[in-house]
Amino acid sequence: MQERQKGLAAVLQQAPVVPVLVIENVADAVPLAKALVEGGLPVLEITLRTRAAPDCIRAIKAEVKNAIVGSGTVLDAASLKLSAELGCAFAVSPGATPALLAAAQSIATPLLPASRSPSETMMLLEQGYALQKFFPAEQSGGAPYLAALISPLPQVRFCPTGGITADNAASYLKLTNVITVGGSWMAPKTMIAGQDWAGITRLAASASHLEQAA
Ligand code: 3PG
């Protein structure tokens, strides 16, 4: 567990922002990933919300050299196992269930489970998760909520996700318990549909210049 957490920290420290991607068409996967990597955001979360997601992960891993690919929307043991089979560098869940956490014990892919209350955070910490997603971030108290956890729960570092934008990302990243933030603002559906890869690179470049405190 300790080793997996260390490895996950090293991945999440690579960039201030992890793009959270919903990709419908496999053909978009590689140009989208290239656009984000070129903009300075190499750590990518490909959500398992679309039928195309596994093939998107395969394609990006095969063709985008500097991308670090993880899976997202990992809701159960089967999705975590699939993430491992696909060779994902990490797997992100919007929550945590006993079945998912039990499966994670015997799967090498590091899991980033989510919490949104001190009790949930403490329960995950008891199981060795010092890195947690905070979801849905803006809707659950945002940066002020996370700031309030620094004193009582300094062991935990978070990846807040949900409602984070170019305008509010810095308010999270300045916190010492935020390792990186997740979000989709640099890869909006309309730009993916319009194959505006240059536009996505511009948004990624601006996100990649945000400062990470933790
Ligand atoms: C999601 O659930 O899609 C992620 O949390 C991203 O949320 P966002 O679109 O609000 O950035």
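As shown above, the structure is provided for reference.
Residues numbered from 1 in each chain as written. Predicted model: local features only at pLDDT ≥ 70, side-chain atom pairs only at ≥ 80, totals over all residues. Heavy atoms only, no water.

(A) Geometry of the site of the ligand. In the vicinity of the ligand, the residues found are Val-20, Arg-49, Phe-135, Thr-161, Gly-162, Gly-163, Gly-183 and Ser-184. Within the side chain of Ser-184, an N or O atom sits 2.6 Å from an oxygen atom of the ligand. Within the complex, the protein chains bury 76% of what would otherwise be the 310 Å² of accessible surface of the ligand. By residue class, the composition of the shell around the ligand is two nonpolar, five polar and one charged. (Near = heavy atom within 4 Å. Polar contact = N/O pair within 3.5 Å; in protein donor to acceptor, adjacent residues only side chain to side chain. Areas by Shrake-Rupley, 256 points an atom, 1.4 Å probe, with all protein chains shown as cover. Nonpolar A, V, L, I, M, F, W, Y, C, P; charged D, E, K, R; others polar.)

(B) Quick look at the nonpolar core. One finds Leu-32, Ile-46, Ile-60, Leu-80, Leu-146 and Val-181 to be the most contacted residues of the largest nonpolar core, which totals 62 residues. Tallying contributions element by element places helix α2 (residues 26–38) first for this core, with seven residues. Ignoring anything within four residues of it in the chain, the contact list for Leu-32 reads Leu-21, Ile-23, Ala-187, Ile-192, Trp-197 and Ile-200. Leu-12, Val-18, Leu-112 and Cys-159 belong to the second largest nonpolar core, which has 12 residues in total. (Core = buried A, V, L, I, M, F, W, Y, C linked by side-chain atoms within 4.5 Å. Buried < 20%, exposed > 50% of the residue type's maximum accessible area, 1.4 Å probe, protein only. Helix = DSSP H or I, 4+ residues; strand = E, 2+ residues; numbered from the N terminus. Contact = heavy atoms within 4.5 Å.)

(C) Summary view of the packing of aromatic side chains. Inspection of the entire model under this criterion finds two aromatic pairs. Centroid distance Phe-134 to Tyr-145: 4.9 Å. Interplanar angle 15°. Geometry classified as stacked. With a gap of 11 residues between them, Phe-134 in strand β7 (residues 131–134) and Tyr-145 in helix α7 (residues 142–149) connect regions that are remote in the sequence. Geometrically, the ring pair formed by Phe-134 and Phe-158 is edge-to-face, given 6.4 Å between the ring centres and 70° between the ring planes. Residue Phe-134 is located in strand β7, and its partner Phe-158 is located in strand β8 (residues 157–160); the two are separated by 24 residues in the primary sequence. In this structure, Phe-134 and Phe-158 share a single accessibility class: buried. Connected via pairs of aromatic rings, a cluster forms that spans Phe-134, Tyr-145 and Phe-158. In this structure, Lys-133 packs its charged tip against the face of Phe-135, placed 4.7 Å from the ring centre. (Phe/Tyr/Trp six-rings, centres within 6.5 Å; stacked < 30°, edge-to-face > 60°. Lys NZ or Arg CZ within 6 Å of the ring centre and 35° of its normal.)

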